[in-house]
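Residue strings, one per chain:
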Amino acid sequence: MKNKYILILSAIAIVFISGCAENREPLKIGVIAPLSGPDTIWGERMQQGIDLASQGKDIEVRYEDGVCKPQESVTAIRKLMEIDNITIIIGEACSSATLAIAPIAQENGVILVSPSSTDPRIPKIGNFIFRTWYSNTAEIEGLADFLEASNYSKVALLYTLNEWGENRKSTLVSSFNGTLISEGHEKDAADMRTPLIKIRQKNPDAIVIFGYTNDMLLALKQMKELNISKPLFTTTTVEDPTFLELSGNLSDGIIYFSPDIKISGSFRSDYMEKYGKEPHQTAATSYDSFNILYDAIMSVGPDSRKIAEYMENLNYSGASGELSFDNDGDVRRAVIAKIIKNQKPENYGDAQ
Amino acid sequence: MFPYFENLIILGSIFSILSVSLNLTMGYTGLFNLGHAAFFAIGAYVSALLALGLGMPFWVCIIAAALFAALFGFLLGFPTLRLRGDYLALGTLGFAFIVEAVLKNWTDVTRGPLGLPGIPRPELFSSIEMYMLLALVFLAATILITHRIVNSPFGRVLKSIREDETAAQTLGKNTVRYKMIVLTTSAFFAGIAGSLYAHYITFIDPTSFSLPVLILLLSAVIIGGLGNIRGAVAGAFLLILLPEPLRFIGLPSNLVGAGRQMIYAVLVLVILLKRPQGIFGEHNLRGKRK
């Protein structure tokens, strides 16, 4: 009987004793990344980017495993904040984990920069929450400008009736200054003739589609059957290799805007030298996240409020291209027009 | 640094409520119930949706969560409780997968894989210290009620079902009814745990309740010892706390993830090799008493 209690007590004791051992405070940045579990590949990319960025800099990087899970990440951020006294954190990779830790960071005045979470709700959590991965706002605004510049005043929108589609629709509605005819369809629709025929009757100048791969394929097929041939526009989702392969020549000529993430400069060559392969975008955004935070600490000190202000006024040119942050702390990146040619994305400018 | 420990105690308490209630079915009644994580999920989603969608106060949410989970426990009992052993395990596992699929695909209500962020903390218990007290009170209540159940004449029938269901039936006990009640009760507590989890983490998505959670719960019950309340609590706390010291041993940064997982796995294996019946176990999975 005694043994059992000793076993449990010693486990708890180790936590407490080891927790008390740490007291010094050098300059530290915490990283919460999926370092084990099924999403490790994202953590590895983050770690490679951050390792490369922190090389030769007088700053300590403390990694904690968030496993891409809300519960694990909550414990990880508590550990970084309260045991290591860290107030500047990069993480998590997955949106679910970031959504769980962002309110904790905000409440405790901790700067949190996610290099790869896509959920649009993340930056809205507070002024200490930032993200360097691209958001879809800029690409849709780019699209709206392009439509106006091409004198398409009457545009039809075919979109998916869910949060994902509604989010994109509302961005387009607020940024496009012409007549917009919106027709929604269920996700994984079996038939889209009804919305498509409605669109055909209105005779728009161009059609914008916000849909998932399967729905986009069906829409393109039925548009051809219904003889609807208008200029087509969409978002980066079109770059899905499955879509490009299955769509055949139907996807030819689709125009969309894509964030201008061009991995460049010394980062690319350093990365190739160290890891022997092409860097993934997440490695570049993690590299930039670290450098932005490092520059911020160097110029305004480790105070969260000052760092947040510094980042809001920042125009940064890094390994993942040019970026700045909007009022929410969401990243703004330059977008470029692209066009699908022979099932491959090409820069619109080059293709003309 | 205290919120870090309070966080661990909250998580330990939530998982203890789950393992104590799973123990009620698995340890005491011998039902190999793999649907427990699904009741956890139902509790969490019901509570979160009531709080976010209808702005219900926490107390309403947690009671609704428990009742909903209990209802699903009752419904699951109809088709599965006439099954035994492996068939019951597969039947309940099937239920767990159905629940996960519904949470992922019923996007109008659950928002699917996007998950539900911003679940409010209960007003009085919004600080982490108070929430810890709340979780501990619920854990204490769960332990107390479970203790009363298993030490009552009702509990003795449960144990007799575990030891030999046919013998219990020949003594005139309606074993299906007993199993139904115990599964419903167990699901009720899982619903409470789900609600506590949702309002603590403040974000839930379907993957928060998938297979790894079920495996954690099964491990907690088995490591703690089947058929023992102290064991279930100890098992859950051990599995929550055991990975934590490994954060402090200073693993090189490229080994933080993998190294921690490996040491954790080895420690769990050592415990099970040293005590196959679990820390407090009186009953192992093969059905033999020690």
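Residues numbered from 1 in each chain as written. Chains lettered and ligands numbered in written order. Predicted model: local features only at pLDDT ≥ 70, side-chain atom pairs only at ≥ 80, totals over all residues. Heavy atoms only, no water.

Enquirer: What exactly am I supposed to notice about a nonpolar patch on the surface here?
Expert: All names here are of chain B. Judged by side-chain polarity, Leu71, Phe74, Leu75 and Phe78 come together as a nonpolar surface patch covering roughly 370 Å² of accessible area. By secondary structure assignment, the location of Phe74 is in helix H3 (residues 58–80). A relative accessible area of 36% means that Phe74 is categorised as partly exposed. (Patch = residues over 30% accessible without salt bridge, like charges linked within 9 Å, V, L, I, M, F, W, Y side chains within 5 Å. Areas by Shrake-Rupley, 256 points an atom, 1.4 Å probe, with all protein chains shown as cover. Salt bridge = Lys/Arg side-chain N within 4 Å of Asp/Glu carboxyl O. Helix = DSSP H or I, 4+ residues; strand = E, 2+ residues; numbered from the N terminus. Buried < 20%, exposed > 50% of the residue type's maximum accessible area, 1.4 Å probe, protein only.)

Enquirer: What is the right way to look at the packing of H3(B) against helix H6 (residues 128–150) of chain B in this model?
Expert: Axes are the key here: two packed helices are described by the angle between their axes and the distance separating the axes. All names here are of chain B. Interaxial distance between H3 and H6 falls to 15 Å at its minimum, and their mutual angle equals 35 degrees. The interaxial crossing formed by H3 with H6 has right-handed handedness. Across the interface between the two elements, Phe58, Trp59 and Ile62 from H3 touch Tyr131, Leu134 and Phe138 from H6. (Axes fitted to C-alpha atoms, helices over the stretch in contact; angles between N-to-C directions. Left-handed = near helix turned anticlockwise from the far one by under 90°. Contact = heavy atoms within 4.5 Å.)

Enquirer: Explanation requested: the packing of H6(B) against helix H9 (residues 175–201) of chain B in the structure shown.
Expert: Residues and elements named next belong to chain B. At a minimum axis separation of 11 Å, H6 and H9 run at an interaxial angle of 175 degrees. Accordingly, the angle class assigned to the pair H6 and H9 is roughly antiparallel. In this structure, H6 uses Ile128, Tyr131, Leu134, Ala135, Phe138, Thr142, Ile145, Thr146 and Ile149 to contact H9, whose residues at the interface are Thr185, Phe189, Ile192, Ser195, Leu196, His199 and Tyr200. A class-by-class count of the residues in the contact of H6 with H9 yields eleven nonpolar, five polar and no charged. (Parallel < 35°, antiparallel > 145°, perpendicular 65-115°, else oblique. Nonpolar A, V, L, I, M, F, W, Y, C, P; charged D, E, K, R; others polar.)

Enquirer: Would you explain the sheet that holds strand S11 (residues 315–318) of chain A in this entry?
Expert: By definition, the strands of a sheet pair up through backbone hydrogen bonds, in either a parallel or an antiparallel sense. All names here are of chain A. With respect to topology, three strands assemble into an open sheet ordered S11-S12-S13, the strand pairing being antiparallel. Each edge of the open sheet carries a strand with a single partner, namely S11 and strand S13 (331–333). For this sheet the average axis-to-axis angle between neighbouring strands, irrespective of direction, equals 35 degrees. Alignment of S11 against strand S12 (residues 321–325), held across four bridges, turns out to be antiparallel. Each bridged residue has a counterpart across the sheet, and for Tyr316 the counterpart in S12 is Leu323. Lying over the sheet, helix H11 (residues 281–300) contacts S11, S12 and S13, oriented at roughly 130 degrees with respect to S11. (Pairing = 2+ DSSP bridges.)

Enquirer: I keep staring at the interface of chain A and chain B and nothing clicks. Help me out?
Expert: Many authors give the size of an interface as the accessible area that is lost as the parts come together. Opposite the 37 residues of chain A that make contact, chain B presents 40 residues. For the pairing of chain A and chain B, the buried interface totals around 3,600 Å² over both sides, and the portion due to carbon and sulfur atoms is 67%. Summed over the shared surface of chain A and chain B, the result is one salt bridge. Glu64(A) serves as the salt-bridge partner of Arg247(B), at 2.4 Å between the closest nitrogen and oxygen. The tally of links between chain A and chain B comes to six residue pairs in polar contact (both at pLDDT 80 or more). For the side of chain A that touches chain B, the elements supplying multiple residues, two or more each, are helix H1 (2–20), helix H2 (40–54), strand S2 (60–65), helix H3 (70–83) and helix H4 (95–107) of chain A. When residues of the side of chain A that touches chain B are assigned to their parent elements, the largest contribution, eleven residues, is made by H1(A). Partitioned by chemical class, the residues of the side of chain A that touches chain B number 18 nonpolar, seven polar and twelve charged. (Buried area = accessible area lost by both parts, 1.4 Å probe. Polar contact = N/O pair within 3.5 Å; in protein donor to acceptor, adjacent residues only side chain to side chain.)

Enquirer: Which parts of the structure should I look at to understand the packing of aromatic side chains?
Expert: Two descriptors summarise a pair of aromatic rings, namely the distance from one centre to the other and the angle between the planes of the rings. One pass over the full model with this rule turns up 25 aromatic pairs over all chains. Its end group placed over the ring of Trp42(A), Arg45(A) keeps NZ or CZ at 4.9 Å from the ring centre. (Phe/Tyr/Trp six-rings, centres within 6.5 Å; stacked < 30°, edge-to-face > 60°. Lys NZ or Arg CZ within 6 Å of the ring centre and 35° of its normal.)

Enquirer: Would you mind showing me how to read the side chain of Thr282(A) here?
Expert: Within the fold, Thr282(A) resides in helix H11. Those residues within four positions of Thr282(A) in sequence are excluded, and the remaining contacts are Trp42(A), Arg45(A), Met46(A), Ser116(A) and Trp133(A).

Enquirer: When you look at the domain arrangement of chain A in this model, what are you seeing that I'm missing?
Expert: Residues and elements named next belong to chain A. With domains assigned, chain A is organised as domain 1 (28–135 + 263–333) and domain 2 (137–260 + 336–351). Of note, the centres of domain 1 and domain 2, computed from C-alpha atoms alone, are 32 Å apart. Taken together, the contact between domain 1 and domain 2 spans eight residues of the former and nine residues of the latter. Roughly 630 Å² is buried in total at the junction of domain 1 and domain 2, and carbon and sulfur atoms are behind 46% of that figure. Applying the counting rule to domain 1 against domain 2 returns one salt bridge. The closest approach of N and O atoms between Glu141 and Arg332, which form a salt bridge, is 2.7 Å. Here domain 1 is connected to domain 2 by one residue pair in polar contact (both at pLDDT 80 or more). Classifying every residue of the side of domain 1 that touches domain 2 by side-chain character gives two nonpolar, three polar and three charged. (Domains from an automatic or database assignment.)

Enquirer: How should I be thinking about the pairing of strand S4 (residues 111–114) of chain A in this particular structure?
Expert: Residues in a regular strand point their side chains to alternate faces of the sheet. Residues and elements named next belong to chain A. Every second residue of S4 is oriented toward a common face, with Ile111 and Val113 on one face and Leu112 and Ser114 on the other, all of them buried. As paired elements, strand S3 (residues 88–91) and S4 share three bridges and run parallel to each other. Each bridged residue has a counterpart across the sheet, and for Ile89 the counterpart in S4 is Leu112. As a crossover connection, the stretch from S3 through H4 into S4 is right-handed. (Right-handed = clockwise from strand over helix to strand, strands pointing away.)

Enquirer: Even after reading the chapter, I still don't get the environment of Thr179(A), so can you show me in this structure?
Expert: Tracing the backbone through its elements, the reader meets Thr179(A) in strand S7 (residues 179–185). What Thr179(A) contacts, discounting residues up to four positions off in sequence, is Ser153(A), Lys154(A) and Val155(A).

Enquirer: Please clarify how the sheet that holds S7(A) should be interpreted in this entry.
Expert: Residues and elements named next belong to chain A. Across the sheet, seven strands lie side by side as S7-S6-S8-S9-S10-S14-S15; this open sheet has mixed pairing. Each end of this open sheet is capped by a strand with a single partner; those strands are S7 and strand S15 (344–347). Taken over all neighbouring pairs, the strand axes of this sheet differ in orientation by 30 degrees on average, direction set aside. Direction of pairing for strand S10 (residues 255–259) relative to strand S14 (residues 335–341): antiparallel, over a ladder of five bridges. Residue pairing across strands places Pro259 opposite Val335, the latter belonging to S14. On the sheet, helix H5 (residues 136–149) packs against strand S6 (154–160), strand S8 (206–210), strand S9 (232–234), S10 and S14 and is oriented at approximately 140 degrees with respect to S10.

Enquirer: I would appreciate a short explanation of the state of the cysteines in the present structure.
Expert: Covalent bonding between the sulfur atoms of two cysteines defines a disulfide. All names here are of chain A. Within this structure, the stated rule accounts for one disulfide over all chains. Bridging Cys68 to Cys94, the disulfide has an S-S length of 1.9 Å. Judged by the sign of its S-S torsion, about 75 degrees, the cystine formed by Cys68 and Cys94 is right-handed. With Cys68 in the loop between S2 and H3 and Cys94 in the loop between S3 and H4, the pair connects residues that are 26 residues apart, well separated along the chain. Each of the two residues, Cys68 as well as Cys94, counts as buried. (Disulfide = S-S within 2.5 Å.)

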